[in-house]
Amino acid sequence: MVDVAEKEMDNPTFRSDTVLSDVHLHCPSKRHLMVRLNAVGQPVFLSYFKLLWNTDDLASEKCVGEATTEREGQCRSGDEQCDKDGNNEQKESKLNSEGVQALLDDDGDLEVVRRPRSASNLEAEDLLRHRVHPVILMKGKEDAFEDEEQECTCDFVKIEHTMATPLEDVGKQVWRAAFLLADYILFKRDTFRCCSVLELGGGTGITSIIMGTVAKRVYCTDVGEDLLAMCEQNIALNKHLMELGRGEVKVKELDWLKDEFCTDPEAPYSWSEDEIADVHDHCTVIMAADVFYDDDLTDALFRTLYRITHNLRNSCTVYLALEKRLNFSLRHMDVTCEAYSHFRNTLNDLENLQDRKIKYTAEPIKPDFCQFLVYERIEQL
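About the criteria used
- Residues numbered from 1 in each chain as written.
- Predicted model: local features only at pLDDT ≥ 70, side-chain atom pairs only at ≥ 80, totals over all residues.
- Heavy atoms only, no water.
- Helix = DSSP H or I, 4+ residues; strand = E, 2+ residues; numbered from the N terminus.
- Buried < 20%, exposed > 50% of the residue type's maximum accessible area, 1.4 Å probe, protein only.
- Areas by Shrake-Rupley, 256 points an atom, 1.4 Å probe, with all protein chains shown as cover.
- 1 Å grid on protein atoms, 1.4 Å probe; cavity = no way out; pocket = protein on both sides within 12 Å on 5 of 7 lines; lining within 4 Å.
- Points joined across faces, edges and corners; volume = space filled by probe spheres on them.
- Nonpolar A, V, L, I, M, F, W, Y, C, P; charged D, E, K, R; others polar.
- pLDDT = per-residue confidence, 0-100.
- Contact = heavy atoms within 4.5 Å.
- Pairing = 2+ DSSP bridges.
- Axes fitted to C-alpha atoms, helices over the stretch in contact; angles between N-to-C directions.

Considering the overall build of the protein
Argument step 1. For the protein, the count of helices and strands is 12 helices and 12 strands.
Argument step 2. Sorting the 381 residues of the protein into buried and exposed places 44% on the buried side.
Argument step 3. On the protein, roughly 22200 Å² of surface is accessible, and the fraction owed to carbon and sulfur atoms is 48%.

Here it is in structure tokens:
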């Protein structure tokens with residue numbers, strides 16, 4: 001079975017509805033061995049995602065400003081940088097008049113100078129990082145990283161995940177917006193310390209795990225017994241991280257297409273009456289990452305948000321992170337991001353909602369805070 005899996009991963013073939021996570025295929029030439037097969041026969045992998053705890057001293061506005069300045073500087077060569085005497089305009093004029101011909105190749109085509117792949121604009125001098133790729137492990141061979149774990153077990157988040165799934169199972173993969181939200185949590189630790197938190201569409205649980213390092217209690221919710229079992233396994237794998245802050249993460253089912261919490265005692269991951277009361281009485285933070293890819297699910301999520309926030313005793317802040325995924329649309333004959341557009345329209349509708357009991361306001365958060373996890377923070381986040 002392992003030989004077949006290796007061969008399939010070396011030469012993958014996908015159906016038309018297969019969805020890939022580019023986070024995990026960042027090194028496509030590397031061979032990957034699965035840890036196990038899940039209940040529906042999908043290969044499950046275990047990845048170690050490095051935590052950059054040493055950026056604590058950089059987590060300030062000064063750090064962000066310096067990193068931004070350095071990143072901007074990396075995009076310009078020495079002669080192209082602006083000098084203090086205001087010679088920038090003269091240089092631009094010279095480029096317009098003389099530099100265009102220098103950018104043409106022998107055939108007269110425009111030759112675009114591309115930045116080397118290794119020189120990511122995110123790699124500020126103080127934030128050097130490695131590429132993310134799945135760690136090769138076999139079931140029963142978890143001592144492969146024994147040396148690293150002995151060095152510092154708190155330097156990695158261990159996540160079981162899949163690499164490719166049908167659209168309905170994308171929660172089993174890890175997506176960039178989850179990393180972005182996790183970065184923000186670590187950057188604003190004091191904001192979330194000792195909070196009671198609800199995550200919608202928690203997927204593999206990585207954001208809830210990071211939140212569990214600072215919050216008092218986190219309810220990580222999603223649908224599907226197989227997915228929730230994977231999430232529960234990931235929480236168990238990272239229990240040592242949450243013990244540092246004495247946080248607790250509970251995995252629960254929450255279906256946005258249903259109007260009530262699942263309270264059937266026979267159903268796995270159902271809610272007790274005390275847990276529902278705990279959310280209503282103490283929850284002050286709701287979060288969701290990369291769940292806006294289907295218009296019907298987006299509508300269902302906002303209906304769920306409306307229902308839950310109306311039952312909360314305290315005011316609540318909702319953190320939504322997503323990646324704008326651009327696609328060519330035949331309907332518009334242009335590159336569009338329809339899922340994001342629908343999300344923005346629905347969010348605007350929520351803000352404009354006339355409700356005497358509760359008022360919603362929305363504001364963007366610039367993703368220029370320090371990076372605490374190793375991933376590629378692209379501009380579409």
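Focus on the layout of surface pockets
Argument step 1. Of the voids in this model, the largest pocket is the one considered here, and its volume is about 1200 Å³.
Argument step 2. Every residue lining the largest pocket is counted, 39 residues in all, and those nearest its centre are Val318, Tyr319, Leu320, Ala362 and Glu363.
Argument step 3. The element that contributes the greatest number of residues to the lining of the largest pocket is helix H12 (residues 338-351), accounting for six residues.
Argument step 4. Tallied by class, residues from the lining of the largest pocket come to 23 nonpolar, seven polar and nine charged.

Some details on the confidence of the model for the protein
Argument step 1. When pLDDT is averaged across the protein, the result is 76; 64% of the residues are at 70 or more.
Argument step 2. Below a pLDDT of 50 lies the segment residues 1-10, which in the model reaches 11 contacts outside its immediate sequence neighbourhood of four places, other chains included.
Argument step 3. Here residues 55-101 scores under 50 on pLDDT; set against residues more than four positions off or in separate chains, the count is 37 contacts.

Considerations on the sheet that holds strand E3 (residues 43-50)
Argument step 1. With respect to topology, three strands assemble into an open sheet ordered E2-E3-E4, the strand pairing being antiparallel. Looking at strand neighbours, the two that pair on one side only are strand E2 (36-37) and strand E4 (156-161), the edges of this open sheet.
Argument step 2. Pairing of E3 with E4 involves six bridges; the strand directions are antiparallel. Bridged to Phe45 within E4 is His161.
Argument step 3. Docked against the sheet, helix H8 (residues 225-237) engages E3 and E4, running at close to 160° with respect to E4.

As for the environment of Cys154
Argument step 1. Of note, Cys154 is situated in the loop between helix H4 (146-151) and E4.
Argument step 2. With residues up to four places along the chain from it excluded, the contact list for Cys154 reads Leu51, Trp53, His240, Leu241 and Leu244.

Observations regarding the sheet that holds strand E8 (residues 248-253)
Argument step 1. One open sheet accounts for five strands, arranged E8-E7-E6-E9-E10; its pairing is parallel. Each edge of the sheet is formed by a strand with only one pairing partner; in this case those strands are E8 and strand E10 (317-321). Along the sheet, successive strands turn relative to each other by an average axial angle of 20°, direction set aside.
Argument step 2. Relative to E8, strand E7 (residues 217-222) runs parallel, the two sharing six bridges. Directly across from Tyr219, in E8, lies its bridge partner Lys250.
Argument step 3. Contacts from helix H5 (residues 176-187) reach strand E9 (283-289) and E10, with the element oriented near 145° to E9.

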